[in-house]
Amino acid sequence: MLENSLWLRYNPTKTIREVLARIYECSAVEIGDDERELYASLKRHLTKKEFRMIMMNEAGLSPEEIGAEVGLHGDELAKAQYKAYRKVRQDKIRLEVRASKTKEEVPSEDDEA
């Protein structure tokens, strides 16, 4: 899976799939199965700071701990977190995360021949 990733450093018990399902308010079945693809998709669309804030927030760390790690405090931190979650909810990320699921389900033309 993601043995040496930042995700496991902060979220050893939650999967990216579970978190995205909660954010998108859908079932985990609708999200792609490959954790590496989901991780790469988030990394591709978010800045390092945004990605780290989301990981730490989902792990249940306090705003003080998150702020110390990313260098933001108070209102700046709240605005940055809001912006990061808004970015994750954008259609391009949502469709990419769900597309990884549909790619697995759709048989290719080579399989039918």
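Given the structure is predicted, the values throughout are model-derived calculations rather than measurements. (Residues numbered from 1 in each chain as written. Predicted model: local features only at pLDDT ≥ 70, side-chain atom pairs only at ≥ 80, totals over all residues. Heavy atoms only, no water.)

Engineer: Any chance you could explain the nonpolar core here in plain terms?
Structural biologist: Nonpolar side chains in soluble globular proteins tend to be buried together. Grouped together as the largest cluster of nonpolar side chains are 29 residues, with contacts concentrated most on L20, Y24, I31, L42, M53 and V88. Residue assignment for this core shows that the elements contributing at least two residues are α1 (6-10), α2 (16-24), α3 (35-45), α4 (48-58), α5 (63-70), α6 (75-88) and α7 (91-105). The element best represented in this core is α2, accounting for six residues. If sequence neighbours within four positions are ignored, Y24 has contacts with I31, V88, R89, I93, R94, V97 and R98. (Core = buried A, V, L, I, M, F, W, Y, C linked by side-chain atoms within 4.5 Å. Buried < 20%, exposed > 50% of the residue type's maximum accessible area, 1.4 Å probe, protein only. Helix = DSSP H or I, 4+ residues; strand = E, 2+ residues; numbered from the N terminus. Contact = heavy atoms within 4.5 Å.)

Engineer: Sorry if this is basic, but what is going on with α4 here?
Structural biologist: Side chains of residues three or four places apart in an α-helix project in the same direction, reflecting 3.6 residues per turn. What α4 keeps buried is the set E50, F51, M53, I54, M55, M56 and E58. On the buried face of α4, the contacting elements are α1, α2, α3, α5 and α6.

Engineer: Where do I start with the environment of R9 in this structure?
Structural biologist: Inspection of the secondary structure puts R9 in helix α1. R9 gets classed as exposed once you look at its relative accessible area, which sits at 52%. Between the C-alpha atom of R9 and that of M56, which follows or precedes it by 47 residues, the distance is 9.3 Å. Filtering out sequence-adjacent residues up to four positions away, R9 remains in contact with R52 and E69.

Engineer: What should I look at first to understand unusual backbone geometry in this one?
Structural biologist: With the exception of glycine, the majority of residues adopt a negative phi angle, and the majority of peptide bonds are in the trans configuration. We note that E25 has phi near 55°; this positive angle belongs to a residue other than glycine. For E25, the location among the structural elements is in the loop between α2 and α3.

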